[in-house]
Amino acid sequence: MNNTSSNNSSEEWTIDSAKQKYHIDHWSGGYFNIDHEGHVIATPKPDDSSLKVRLTDIIEEAKQRNLRTPLLIRFQDILHHRVQSINSAFEKAITEFNYRSRYRGVFPIKVNQLRKVVEEILGAGKPYQIGLEVGSKPELFAALAIQENPKSLIICNGYKDKAYIKTALMGQKMGKSVVLVIEKMEELDPIVAVSEEMGIKPILGVRVKLWSKADGKWAASGGENAKFGLGTADLLALAKRLTKIKLSECFRLLHFHIGSQVPDIFTVKKAVQEASRYYAKLYKLGYPIKWFDVGGGLAVDYDGSRSKSDSSKNYSLQEYANDVVYHLAEVSNEEGVPHPEIISESGRAIVAHHSMLVVEAFESMGKSQKFTQIQKNKNEHTFVVELRELYEGLKSSGKMEAWHDAKEIKEAAQSMFNLGILELEDKAKIESLYWEISQAVVKDFGGRSMIPGEIQQLDENLSAQYLCNFSVFQSLIDHWALKQLFPIMPLSFLDKSPEQEARLVDITCDSDGQVDQFIGQEKQGNTLSLHLPSISGSNPYHLGVFLMGAYQDVMGDMHNLFGRVNEIQVVIDLNHERGYDIQEVIEGDSIASVLNMVQYDENNLIQSMKNQIDNAILNHQFSPSEGSQMLDHYKQGLRDQTYLSL
Ligand SMILES: *Cc1c(COP(=O)(O)O)cnc(C)c1O
């Protein structure tokens, strides 16, 4: 409810007001900030605030290279910093709780499979022997080739067929540490068969199904009804089979995964306690488990609320590490078993921060028909007369009552229109007057602490729509599918107060191609405070969507055939005059390439157009030179990108 309150000129707008409005200090993890001129800056190495770069400078630089928005910017230094932070948090916890073994992370490739991302993580994680986690054959094929350090782990989850198993064991034969995690009883037989064929003993892990269950949007991965993992009876049966076939010494890893984005630290505590018991009991039964794998789930605070809400988390990275280490140590000490090596499969927490999307908001569609500009005439419909009276009397009368009356008239007018007894001219006036009265009423409530529900709803209906040159389905799939929140804000003009509340709509043809839930101060809101796009003059008004690095990159779909967006990788480089360098450019999909994915061959398309144009020329529909221009336009257009070229 601040169509108007943000206009309040009595409080002076400062950079701090902008920081508060968009909560940047709460969600940015120290990687983004606002400079004194109101531009968003990236500070990819938060410990050194002198290393900073304005996002608008990067956008300008990209534009020089003919890379337009929508543009995805990746900060390789942030990936680096995330890997270091997670490792240091565990190292600190290990020292604090006298833990007598080590931590080693594995990166679950499914969270972001892009080669440059995975390579950067492996590079940053080299001192820590970071490994990879895969959940399918294609992921395994990628991991085997790019993970060259034999000491680093490759953990294989997901359902496995013989080809999957054979490929994994081939990696082991090559000297890599590849662990096959059994998710289902049925997987043991083929693993045994293939390993005998290959003359090798597999390194086995088992995924245990815990009773502890997470809240949140991804809770179904854990708990007793989970799709994956063995319950206690199956786990014991499997262990006994291993003993029987003399493979008990192959049982080296115990794994659980309670779901992604676990919002509540109590879930983590309970799960680690429960799984630690499984570890200890199995160890005492004679299975030499060396690795205790806590899976993923380490959450990202997307809305900056530090709460148990789905898009947040109520704990810090350090608290997470402390709880894992502390509870595992306690149970192990109590049971008299060695401290196992701790593995975590944090994906989201490593990659979410490193990329952000720039979109251009280029048109505002408000319900701003101005009734005052409509001429009054003699034979106006009684409804128009009545609404005009309500509007003119607004200052003195009760606003809510006036609005209720206006709404009643608007609805009656709708019925009359449907019956064919109201003319377009009158309907237009009635609608305009109704919106003006609504606006006045909403304005009247602006800034009040208690706002009735129906007025809040009205406020949202009145909010402007900003059309943004991107596809929610391609770039923000979790917002569309799960209403996950991402921080969104203007990238400049933050030294000026935003003037209106808006929803964002994309350029796909679907009404659900929009962003209508935003992070908010106390609770999420349905609108975002924005400037009028005209504030940037002839330049585009840019919005940034942040914390995009996890899952969004690889799950987006090609709805309406909008393809991948332009992408650049930025590294901080003090030797460079700009202080940063654009290291890698990946151009977005062309129209021809997305068409190719749905089986339209470029040459066939051109040939077919050519035949039709030739026929039209023969029929004298247009001249040969016009025809050849049309064909050129079509051919060149196929090379263009899928988004609007503004
Ligand atoms: C998806 C998944 C992960 C990654 O979870 P995050 O919450 O992104 O850290 C880790 N392990 C397994 C088995 C998974 O399925």
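Below: a short report on this structure. Since the model is a prediction, treat every value here as computed from it, not as a measurement.

Conventions and cut-offs
- Residues numbered from 1 in each chain as written.
- Predicted model: local features only at pLDDT ≥ 70, side-chain atom pairs only at ≥ 80, totals over all residues.
- Heavy atoms only, no water.
- Helix = DSSP H or I, 4+ residues; strand = E, 2+ residues; numbered from the N terminus.
- Buried < 20%, exposed > 50% of the residue type's maximum accessible area, 1.4 Å probe, protein only.
- Contact = heavy atoms within 4.5 Å.
- Areas by Shrake-Rupley, 256 points an atom, 1.4 Å probe, with all protein chains shown as cover.
- Lys, Arg positive; Asp, Glu negative; His and termini not counted.
- Charge placed at Lys NZ, Arg CZ, Asp CG, Glu CD.
- Pairing = 2+ DSSP bridges.
- Axes fitted to C-alpha atoms, helices over the stretch in contact; angles between N-to-C directions.
- Near = heavy atom within 4 Å.
- Polar contact = N/O pair within 3.5 Å; in protein donor to acceptor, adjacent residues only side chain to side chain.
- Salt bridge = Lys/Arg side-chain N within 4 Å of Asp/Glu carboxyl O.
- Core = buried A, V, L, I, M, F, W, Y, C linked by side-chain atoms within 4.5 Å.
- Patch = residues over 30% accessible without salt bridge, like charges linked within 9 Å, V, L, I, M, F, W, Y side chains within 5 Å.

## Quick notes on the overall build of the protein chain
And step 1. From N to C terminus, the protein chain includes 22 helices and 21 strands.
And step 2. Viewed in the frame of its principal axes, the protein chain has a C-alpha envelope of about 100 × 70 × 60 Å.
And step 3. Relative to its full complement of 646 residues, the protein chain shows a buried share of 55%.
And step 4. Pairs at least 24 residues apart make up 75% of the contacts formed inside the protein chain by residues separated by at least 6 positions.
And step 5. Accessible surface computed for the protein chain: about 29000 Å², of which carbon and sulfur atoms make up 49%.
And step 6. Measuring between centres, the 69 positive side-chain charges of the protein chain sit 7 Å from its 86 negative side-chain charges.

## With respect to the sheet that holds strand β11 (residues 291–293)
And step 1. One closed barrel accounts for eight strands, arranged β5-β6-β7-β8-β9-β10-β11-β12; its pairing is parallel. Sheet twist, expressed as the average angle between the axes of neighbouring strands with direction ignored, equals 25°.
And step 2. Inspection of the sheet shows strand β6 (residues 131–134) paired to strand β7 (residues 153–156) by three bridges, in the parallel sense. Residue pairing across strands places Glu 133 opposite Ile 155, the latter belonging to β7.
And step 3. On the sheet, helix α6 (residues 137–146) packs against β6, β7 and β8 (177–182) and is oriented at approximately 165° with respect to β6.

## Description of the site of the ligand
And step 1. Close to the ligand lie 17 residues; Lys 110, Ser 260, Glu 345, Gly 347 and Tyr 551 are nearest.
And step 2. One of the side-chain N or O atoms of Ser 260 is found 2.5 Å from an oxygen atom in the ligand.
And step 3. Separating an oxygen atom of the ligand from a backbone N or O atom of Gly 347 is a distance of 2.7 Å.
And step 4. Out of a free accessible area of 390 Å², the ligand has 93% covered by protein chains.

## Focus on the sheet that holds strand β2 (residues 40–42)
And step 1. Pairing in this open sheet of three strands is antiparallel, and the strands run β1-β2-β3 from one edge to the other. The open sheet has two edge strands with one neighbour each: β1 (32–34) and β3 (53–54).
And step 2. With three bridges connecting them, β1 and β2 associate as antiparallel partners. Looking at the pairing, Ile 34 lines up with Val 40 of β2.

## Things to note about the pattern of salt bridges
When the charged atoms of two side chains with opposite charge come close together, those side chains can pair.
And step 1. For the structure shown, the criterion picks out 28 salt bridges.
And step 2. Two residues, Glu 187 and Lys 160, come together in a salt bridge whose shortest N-O distance is 3.4 Å. One end of the pair, Glu 187, is in the loop between β8 and α8 (188–198); the other, Lys 160, is in the loop between β7 and α7 (162–173), with 27 residues separating them in the sequence. As far as the burial class goes, Glu 187 and Lys 160 line up, both buried.
And step 3. Between Glu 335 and Lys 281 there is a salt bridge; the shortest N-O distance is 3.1 Å.

## As for the nonpolar core
And step 1. Ranked by internal contacts, the top residues of the largest apolar core, which has 152 residues, are Phe 32, Phe 75, Phe 256, Leu 504 and Phe 546.
And step 2. No other element matches helix α10 (residues 265–284), which puts nine residues into this core.
And step 3. Once residues lying within four places of it in the same chain are set aside, the contact partners of Phe 75 are Phe 32, Ala 42, Pro 44, Val 53, Leu 55, Ile 58, His 354, Met 356 and Val 570.
And step 4. Formed by 23 residues, the second largest nonpolar core is a distinct cluster that contains Ile 409, Leu 422, Ile 437 and Val 442.

## Structural notes on a negative patch on the surface
And step 1. On the surface, Glu 401, Asp 405, Glu 408 and Glu 411 cluster together to form a negatively charged patch.
And step 2. For Glu 408, the position within the fold is in helix α14 (residues 399–419).

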